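Spelled out from the first residue to the last, the chains are:
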Amino acid sequence: MHPAPTDAAAPDRPQPRSTRDLFVSFTWLALQGFGGVLAIVQREMVEKKRWLTADEFLEDWAVAQVLPGPNVINLALMIGDRYFGLRGAVAAVAGMLTVPLVVILALAVLYAHYAGNPQVAGALRGMGAVAGGLIAATGIKLIPALRRHPLGFGACLGFVALVFAAIAFARIPLGWVLLAVGGVACVWTWRKIGP
């Protein structure tokens with residue numbers, strides 16, 4: 001694990017007060033997320049708490065996307081580690097998992113009892129549409145950060161369109177798209193900013 005960056009430790013920059021603050025904050029984030037917490041994490045961490053800048057969030061989210069495991073767990077681990085090392089990473093991940101696990105187990109028992117009810121099935125389909133909308137809204141909010149990318153705004157939008165087309169229309173699995181398109185984008189960016 002690495003020490004917190006100097007800009008994160010600056011006294012004028014908001015940061016979590018303790019590992020307990022991390023645990024409670026990530027528990028609250030996890031309890032708000034139905035179908036995914038990306039939009040909620042971005043709003044809370046960047047806009048409300050200001051623990052991350054928009055650029056830091058975008059960079060951390062990109063790393064969280066390519067690591068194995070759930071993206072938001074990876075992000076929680078990175079944020080916790082940034083501020084409190086291993087203790088912070090454990091607190092943030094525990095916050096993402098503990099209370100939501102209890103809620104999920106209780107809902108699983110209820111679902112097993114009411115699974116045949118058509119209203120329950122309809123409600124779950126409706127939540128899927130809401131989750132898709134939240135993810136799309138967050139993606140749109142992150143577009144302005146691409147204006148400062150070394151490849152330029154046009155190239156970044158080209159990659160966005162290529163990834164969308166590959167997954168939505170060509171139905172290529174996400175892993176292959178990340179390896180191919182993400183690999184090209186990483187190498188091109190590295191060459192642009194490298195020595």
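Before we go on, may I ask you to explain a nonpolar patch on the surface in this structure?
On the surface, a cluster of nonpolar side chains totalling about 720 Å² of accessible area is made up of Trp28, Leu31, Val99, Val103, Ile104, Leu107, Leu110 and Tyr114. Only helix 1 (19-32) and helix 4 (71-114) provide two or more residues apiece to the nonpolar patch. Top contributing element to the nonpolar patch by residue count: helix 4, with 6 residues. Secondary-structure assignment places Ile104 in helix 4.

Sorry if this is basic, but what is going on with the packing of aromatic side chains here?
The relation between two aromatic rings is expressed through the spacing of the ring centres and the mutual angle of the planes. Applying the stated criterion to the full structure yields 4 aromatic pairs. Both rings, one in Phe57 and one in Trp61, keep their centres 6.1 Å apart while their planes meet at 10 degrees; by these two values the pair is stacked. Here Trp61 and Phe57 lie together in helix 3 (residues 54-66), a separation of 4 residues that amounts to about one turn. Since its relative accessible area comes to 10%, Trp61 is described here as buried. One residue, Arg147, lies across the ring of Phe153, its end atom 4.1 Å from the ring centre.

What is the right way to read the nonpolar core from this model?
What tends to happen in soluble globular proteins is that the nonpolar side chains get buried as a cluster. If you look at the biggest cluster of nonpolar residues, it comprises 27 residues, and the most contacted ones within it are Phe26, Val41, Met45, Phe57, Leu75, Ile79 and Met96. For this core, the elements supplying multiple residues, two or more each, are helix 1, helix 2 (38-48), helix 3 and helix 4. Considering each element in turn, this core owes the most residues, 11 residues, to helix 4. Other than its neighbours up to four places away in sequence, Val41 contacts Leu29, Val46, Phe57, Val72 and Leu75. Among the nonpolar cores identified, the runner-up in size contains 6 residues, and Phe159, Ala166, Val177 and Val181 belong to it.

What am I meant to see in the confidence of the model for the protein chain here?
Per-residue confidence for the protein chain gives a mean pLDDT of 85; residues scoring 70 or more make up 93%. Ranking the elements of the protein chain by mean pLDDT puts helix 5 (residues 118-142) last, at 81, and helix 6 (residues 153-169) first, at 92. Contacts for the low-pLDDT stretch residues 1-9, under 50 throughout, to residues beyond four places or in other chains number 12 contacts.

Teacher, can you tell me more about the environment of Pro144 here?
By secondary structure assignment, the location of Pro144 is in the loop between helix 5 and helix 6. According to the relative accessible area criterion, Pro144 is partly exposed, its value standing at 43%. Each C-alpha atom, one on Pro144 and one on Asp55, is 9.8 Å from the other, the two residues being 89 residues apart in sequence.

Here is what the cut-offs are and how they apply
Residues numbered from 1 in each chain as written. Predicted model: local features only at pLDDT ≥ 70, side-chain atom pairs only at ≥ 80, totals over all residues. Heavy atoms only, no water. Patch = residues over 30% accessible without salt bridge, like charges linked within 9 Å, V, L, I, M, F, W, Y side chains within 5 Å. Areas by Shrake-Rupley, 256 points an atom, 1.4 Å probe, with all protein chains shown as cover. Salt bridge = Lys/Arg side-chain N within 4 Å of Asp/Glu carboxyl O. Helix = DSSP H or I, 4+ residues; strand = E, 2+ residues; numbered from the N terminus. Phe/Tyr/Trp six-rings, centres within 6.5 Å; stacked < 30°, edge-to-face > 60°. Buried < 20%, exposed > 50% of the residue type's maximum accessible area, 1.4 Å probe, protein only. Lys NZ or Arg CZ within 6 Å of the ring centre and 35° of its normal. Core = buried A, V, L, I, M, F, W, Y, C linked by side-chain atoms within 4.5 Å. Contact = heavy atoms within 4.5 Å. pLDDT = per-residue confidence, 0-100.

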